[in-house]
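Residues per chain, in single letters:
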2 protein chains.
Amino acid sequence: MAYNLVSLNELTEQFASLPGIGKKTAARLAFHMLTASPEKAKRFANSLINAREKIHFCSVCQALTEEELCPVCSDKKRDKSVICVVEEPMDVLAFERAREYNGLYHVLHGTISPLDGIGPDQLKIRELLKRVAEPEVEEIIIATNPSVEGEATAAYLARLLKQMSVKVSRLGFGIPIGGALEHTDEITLQRAIDGRQEI
Amino acid sequence: MAYNLVSLNELTEQFASLPGIGKKTAARLAFHMLTASPEKAKRFANSLINAREKIHFCSVCQALTEEELCPVCSDKKRDKSVICVVEEPMDVLAFERAREYNGLYHVLHGTISPLDGIGPDQLKIRELLKRVAEPEVEEIIIATNPSVEGEATAAYLARLLKQMSVKVSRLGFGIPIGGALEHTDEITLQRAIDGRQEI
């Protein structure tokens, strides 16, 4: 006879459907929730529904927001002449943590990836071009990841944007701060040499 | 200005409160739920509440169940003369997966651990002694983990149970199947030699 607890199995499946969570971890997490207080389970459930309902994409830059505009787009102190183009909403949070950049963002929500059937039309590129057409925009920083898809998307965007009389730049790549030359891979070293700067 | 999304932060905190989930993983999981369909978020939330509400401890063996009795205790085909004593409800599932054992279980819900302030009274030992007093019970297999606390709890239980005219045994420990002698630690090897059996 199988020891079958329907509701426990269901919860385990839900945890296992999360990225990077295997079957054993999912079982452990589900079990943890069973032994936690009922209030904790309810708080968790409420945060899930709450976050999913409240958070949507900013109508301008497509980043995450609980309002009509995201905190960056609605901030009057930001420099509206620069737009940093990133792949995912999480990338915006990474830049904001660095506290270095004071311009605006634009989230593509993916990269061009023909193998996965994702072309330019599936990304928020139309929305970007509309923003770039505004006279106040002077520079676009393309900050897609240094992956095959990220580079292809950057090249595609650069070609499109250069026709629009706007300065187009790409994020600097090279050896990460705190990294050791000895352990740096060849491609990163190549990019570090290409991107060398006079001091 | 901080890029602050209250509901996203809350959900991230909930994920981070799970055992073995760090801050970065929690952020990734919370973000995954935002991009998942609203139905998925609702299903997840419902399974959380559902599992927490439906599942409780079996009134006899203290394992997890959705009914009054767990599937094992309510199964008339199980051998009611043997009780296997385990630390946690998950241990019952592990035994059931092995499909070898046909007796009953008793879940202690922990181990004696003076450093954490857990004495015999905090465990389900009283409930176990009541069951052992029944005339049909002939053998108790102590299956606590081979940790310091598990061994201490096993020794404590063995002393108690031996006064009750019942056979008391401990799970066999030794080299795991598929394991290599070369990589087996000293204590496991010691236990394997102590537990050697004639062939």
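Residues numbered from 1 in each chain as written. Chains lettered and ligands numbered in written order. Predicted model: local features only at pLDDT ≥ 70, side-chain atom pairs only at ≥ 80, totals over all residues. Heavy atoms only, no water.

Section: the relation of the copies chain A and chain B
At an RMSD of 0.1 Å, chain A and chain B line up after a rotation of 180 degrees and a shift of 0.0 Å along the axis. Between the two chains, the operation in question is that of a two-fold axis. Judged by C-alpha distance, A:Ala45 is the residue of chain A that lies nearest the rotation axis, at 2.1 Å. (Least-squares fit on C-alpha atoms with pLDDT ≥ 70 in both.)

Some thoughts on the sheet that holds strand β5 (residues 139-142) of chain A
All names here are of chain A. Strand order across the open sheet formed by four strands is β4-β3-β5-β6, with parallel pairing between neighbours. Each edge of the open sheet is held by one strand with a lone partner, namely β4 (104-107) and β6 (167-170). For this sheet, the mean angle separating the axes of adjacent strands, direction not counted, is 25 degrees. Here strand β3 (residues 82-86) runs beside β5; their pairing, made up of four bridges, is parallel. Bridged to isoleucine 83 within β5 is isoleucine 140. Running over the sheet, helix α5 (residues 125-132) touches β3, β4 and β5 and is turned about 150 degrees from β4. (Pairing = 2+ DSSP bridges. Helix = DSSP H or I, 4+ residues; strand = E, 2+ residues; numbered from the N terminus. Axes fitted to C-alpha atoms, helices over the stretch in contact; angles between N-to-C directions. Contact = heavy atoms within 4.5 Å.)

Let's talk about the pattern of salt bridges
All names here are of chain A. Applying the stated criterion to the full structure yields eight salt bridges over all chains. Residues glutamate 151 and arginine 170 are paired through a salt bridge, measuring 3.5 Å at the closest nitrogen-oxygen approach. Remark: arginine 170 occurs in strand β6 and glutamate 151 occurs in helix α6 (residues 148-162); sequence separation between them is 19 residues. By relative accessible area, glutamate 151 is classed as partly exposed at 24%. Here the salt bridges do not stand alone but share partners, grouping Glu151, Arg170 and Arg191 into one network. (Salt bridge = Lys/Arg side-chain N within 4 Å of Asp/Glu carboxyl O. Buried < 20%, exposed > 50% of the residue type's maximum accessible area, 1.4 Å probe, protein only.)

Some thoughts on the nonpolar core
In terms of nonpolar packing, the biggest core is built from 106 residues, with A:Phe15, A:Ile140, B:Phe15 and B:Ile140 touching the most fellow members. The contacts of B:Ile140, once residues within four sequence positions are left out, are B:Ile83, B:Val85, B:Val132, B:Leu161, B:Val166, B:Lys167, B:Val168 and B:Ser169. (Core = buried A, V, L, I, M, F, W, Y, C linked by side-chain atoms within 4.5 Å.)

Quick notes on the interface of chain A and chain B
Frequently, the measure chosen for interface size is the accessible area removed from exposure when the parts meet. Residue-level contacts link 53 residues of chain A with 53 residues of chain B. Both faces considered, chain A and chain B share a buried interface measuring about 5,100 Å² in area, 72% of it formed by carbon and sulfur atoms. Counting the surface chain A buries against chain B, the share from its top three residues, A:Tyr3, A:Leu48 and A:Arg52, is 15%. Joining chain A to chain B, the criterion identifies zero salt bridges. (Buried area = accessible area lost by both parts, 1.4 Å probe.)

Structural notes on the side chain of A:Glu87
With respect to the helices, strands and loops of the structure, A:Glu87 is situated in the loop between β3 and α4 (89-98). The residues contacting A:Glu87, other than those within four sequence positions of it, are A:Val107, A:Leu108, A:His109, A:Gly110, A:Thr111, A:Thr144, A:Asn145 and A:Gly150.

Considerations on the pairing of strand β6 (residues 167-170) of chain B
All names here are of chain B. Of the pairings in the sheet, the one linking strand β5 (residues 139-142) to β6 comprises four bridges and is parallel in character. Following the sheet pairing, isoleucine 140 is matched in β6 by valine 168. The β-α-β motif built from β5, the intervening helix α6 (residues 148-162) and the parallel element β6 has right-handed crossover chirality. (Right-handed = clockwise from strand over helix to strand, strands pointing away.)

Remarks on the confidence of the model for chain A
Residue and element names in this part refer to chain A. The share of residues in chain A with pLDDT of 70 or more is 99%, and the mean pLDDT across the chain is 90. Mean pLDDT values over the elements of chain A span from 83, in helix α7 (residues 186-194), up to 96, in β4. This complex was scored by the predictor with a pTM of 0.74 and an ipTM of 0.76. (pLDDT = per-residue confidence, 0-100.)

Description of unusual backbone geometry
Residue and element names in this part refer to chain A. Phi angles above zero are rare outside glycine, and glutamine 62 is one such case at about 70 degrees. Among the structural elements, glutamine 62 can be located in the loop between β1 (56-57) and β2 (64-65). On the basis of relative accessible area, glutamine 62 is assigned to the buried category, the value being 8%.

Points about helix α3 (residues 38-54) of chain B
Over its 17 residues, α3(B) extends 24 Å from the first C-alpha to the last, a length consistent with the 24 Å expected when each residue adds 1.5 Å. Where α3(B) is concerned, the buried positions are B:Lys40, B:Ala41, B:Phe44, B:Ala45, B:Ser47, B:Leu48, B:Ala51 and B:Arg52. Down the axis of α3(B), the buried side of the element spans an arc of 155 degrees, and every buried residue falls inside it. Residues of α3(B) that are buried make contact with α1 (6-16), α2 (23-35) and α3 (38-54) of chain A together with α2 (23-35) of chain B. (Expected span 1.5 Å × (residues − 1). Arc of directions from axis to C-beta.)

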